[in-house]
Every structure is written in structure tokens, then in C-alpha cells.
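One letter stands for each residue in the lines below.
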Amino acid sequence: EKALAGQETPLVLASLRCLATLRTPEAVLLVEKAVAWPEVAVRRAALRVLGRVPASPTVSRAIGRGLRDGNADVRKEAIAAIDRQGLADLAPTLFHWFEQSGFGLLDSMERDIVVALLAELDPDYATRSLSEKLTLGLRAKVGGAGSDVAEWNRVIVEGLAAAGTDEAMAKLREVRTQGNQA
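A brief report on the enclosed structure follows. Everything quoted here is computed from the prediction, not taken from an experiment.

Broken down by element type, the protein chain carries 11 helices and zero strands. Ordered by position from the N terminus, the helices and strands of the protein chain form the series α-α-α-α-α-α-α-α-α-α-α. Looking at the 182 residues of the protein chain, the share that counts as buried comes to 44%. Once local pairs closer than 6 in sequence are excluded, the contacts in the protein chain between residues at least 24 apart make up 63%.

Take a look at the structure:
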């Protein structure tokens, strides 16, 4: 705890390695605090540890902070932490970030990775969230919206296909039918 209160990056990194070994709830809470550290290397290391330790009730908030970080490498580490945790509880955190800012920050391949991860974490949540977004996107496309809508729709279709739920498949059939009529 003293190392995290200090300003020496090497000491904080060493402390994170020790905390990762401890894996206690108290240690995890300290690691979560390190996600706010000024140095990129520390934030990345903290997220790497969070992906490998038992999740606390507040892990979603810490990983969400990592997703909103201004540094692309920190954001990628946050996505990797979500993937390693594999908890359905993290699906809303991932989707809200992706919807609010992540879509614009990622390239096409990274977008596909995020929606596939969302579908893997919680297929039902992914189906509901992505279906809503697709419906809005189709309405915007009819209204003459730009290429972002087309890319959103492409990514959503990928996510629904990855979710593979009955509801997702029905939505995909519905979209295909609408596309044939246009």
C-alpha cells in the first residue's frame, strides 16, 4: 500500500507483481487503485494483474476506467483483462464503452474482436444490446446516415452471428429479408 502511495514506478511495478501473487481481496483492491496511476506502464500492469486475479465486486469499475484511458495500449490491456476474466458481469461494461467511444477508437478488426468477446461473455446480453443498436442503425440508414452506420451494422451482424442465440439468428434473418426488399 505504501508503494502505491509513493511516486516510484519501479517500486509500484514490483508491488503489483507481489499483489498478483497474493490474490487476496485486499490485494485486488490495491491493484484496482493502480489503474489510476499516472504512468502508462503501471496502468497496463495493473490491468494485466486484474485479468488474472479473482474478480472483486468493483473490478468492473477499474477495468472500465482502463477502457476509457487515453492510451491505446492501456485500453487494449483492459480488453484483454475482460477476456481473461471471462465474466458475464463485464459484458455491460464492455458494451457501454464500445457504444459510447470504443467504436470510434478501434479499427475494423479490433471492433470485430470486441463484439466477438461480448458475445462470448454473455450471448443473451450481446443479442439484446446489439439487436437494439441494429434496429436503430437500420432506421438511420433509411434516413440517409453516413458510413459509420454501415460499419456499425456490419459489426453488429458479426456480433449477433457470434452470439448464436435463437433470438440473434432470428434478427439476422429479419435483416437479410429487409435487405432483399430494399
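Next comes the rest of the description.
Attention shifts here to the nonpolar core. If you look at the biggest cluster of nonpolar residues, it comprises 53 residues, and the most contacted ones within it are Leu 16, Leu 50, Ile 63 and Phe 98. Each residue touching Phe 98, except ones within four places of it in the same chain, is listed here: Phe 103, Leu 106, Arg 111, Val 114, Val 115, Trp 152 and Val 155.

Here we come to the side chain of Thr 127. Take Thr 127: it is sitting in helix H9 (residues 123-142). In terms of polar contacts, Thr 127 uses its side chain to reach the backbone carbonyl oxygen of Pro 123, at 2.8 Å.

Right, let's talk about helix H5 (residues 59-67) for a bit. Those residues of H5 lying buried are Val 59, Ala 62, Ile 63, Gly 64, Gly 66 and Leu 67. Those residues of H5 hidden inside the fold are in contact with helix H3 (25-34), helix H4 (40-50), helix H6 (72-85) and helix H7 (91-105).

Let's shift gears to the packing of H7 against helix H8 (residues 108-121). Helix-helix packing is characterised by the crossing angle of the two axes and by the distance between the axes. Two elements in contact, H7 and H8, have axes separated by 10 Å at closest approach and are oriented at 170°. Classified by the angle their axes make, H7 and H8 are roughly antiparallel. When the axes of H7 and H8 are compared, the crossing they make is left-handed. Within the contact between the two elements, H7 uses Ala 91, Leu 94, Phe 95, Trp 97, Phe 98, Phe 103, Gly 104 and Leu 105 and H8 uses Glu 110, Arg 111, Val 114, Val 115, Leu 117, Leu 118 and Leu 121. For the contact of H7 with H8, a count of residues per class yields 12 nonpolar, one polar and two charged.

Okay, the packing of H6 against H8 next. Closest axis-to-axis distance for the H6/H8 pair is 10 Å, and the angle between their directions is 25°. Comparing the axis directions of H6 and H8 gives the class roughly parallel. Along this stretch, H6 crosses H8, giving a crossing that reads as left-handed. Here Lys 76, Ile 79, Ile 82 and Asp 83 of H6 lie close against H8, whose contacting residues are Glu 110, Val 114, Leu 117, Glu 120 and Leu 121. Across the contact of H6 with H8, the residue classes tally to five nonpolar, no polar and four charged.

This part is about the packing of aromatic side chains. Summed over the entire model, instances satisfying the criterion amount to four aromatic pairs. With 6.2 Å between their ring centres and 80° between their planes, Phe 95 and Tyr 125 make a pair best called edge-to-face. Separated by 30 residues along the polypeptide, Phe 95 in helix H7 and Tyr 125 in helix H9 bring together distant segments of the chain. For Tyr 125, a relative accessible area of 13% translates into the label buried. The rings of Phe 98, Phe 103 and Trp 152 are connected pair by pair, giving a single aromatic cluster. Its end group placed over the ring of Phe 103, Arg 111 keeps NZ or CZ at 3.9 Å from the ring centre. Residue placement shows Lys 133 over the ring face of Trp 152; its charged tip is 4.6 Å from the ring centre.

To continue, consider helix H2 (residues 9-22). Over its 14 residues, H2 runs 20 Å from end to end, which matches the ideal 20 Å to within 8%, given 1.5 Å per residue. Those residues of H2 that sit buried are Thr 9, Val 12, Ser 15, Leu 16 and Leu 19. Projected down its long axis, H2 carries its buried residues within an arc of 115°, all on one side. Facing away from the buried surface of H2 by more than 90 degrees, the exposed residues are Pro 10, Arg 17 and Thr 21. On its buried face, H2 is in contact with helix H1 (2-5), H3 and H4.

The rules behind each value
- Residues numbered from 1 in each chain as written.
- Predicted model: local features only at pLDDT ≥ 70, side-chain atom pairs only at ≥ 80, totals over all residues.
- Heavy atoms only, no water.
- Helix = DSSP H or I, 4+ residues; strand = E, 2+ residues; numbered from the N terminus.
- Buried < 20%, exposed > 50% of the residue type's maximum accessible area, 1.4 Å probe, protein only.
- Contact = heavy atoms within 4.5 Å.
- Core = buried A, V, L, I, M, F, W, Y, C linked by side-chain atoms within 4.5 Å.
- Polar contact = N/O pair within 3.5 Å; in protein donor to acceptor, adjacent residues only side chain to side chain.
- Axes fitted to C-alpha atoms, helices over the stretch in contact; angles between N-to-C directions.
- Parallel < 35°, antiparallel > 145°, perpendicular 65-115°, else oblique.
- Left-handed = near helix turned anticlockwise from the far one by under 90°.
- Nonpolar A, V, L, I, M, F, W, Y, C, P; charged D, E, K, R; others polar.
- Phe/Tyr/Trp six-rings, centres within 6.5 Å; stacked < 30°, edge-to-face > 60°.
- Lys NZ or Arg CZ within 6 Å of the ring centre and 35° of its normal.
- Expected span 1.5 Å × (residues − 1).
- Arc of directions from axis to C-beta.

By themselves, these figures tell us nothing about what the structure is for.
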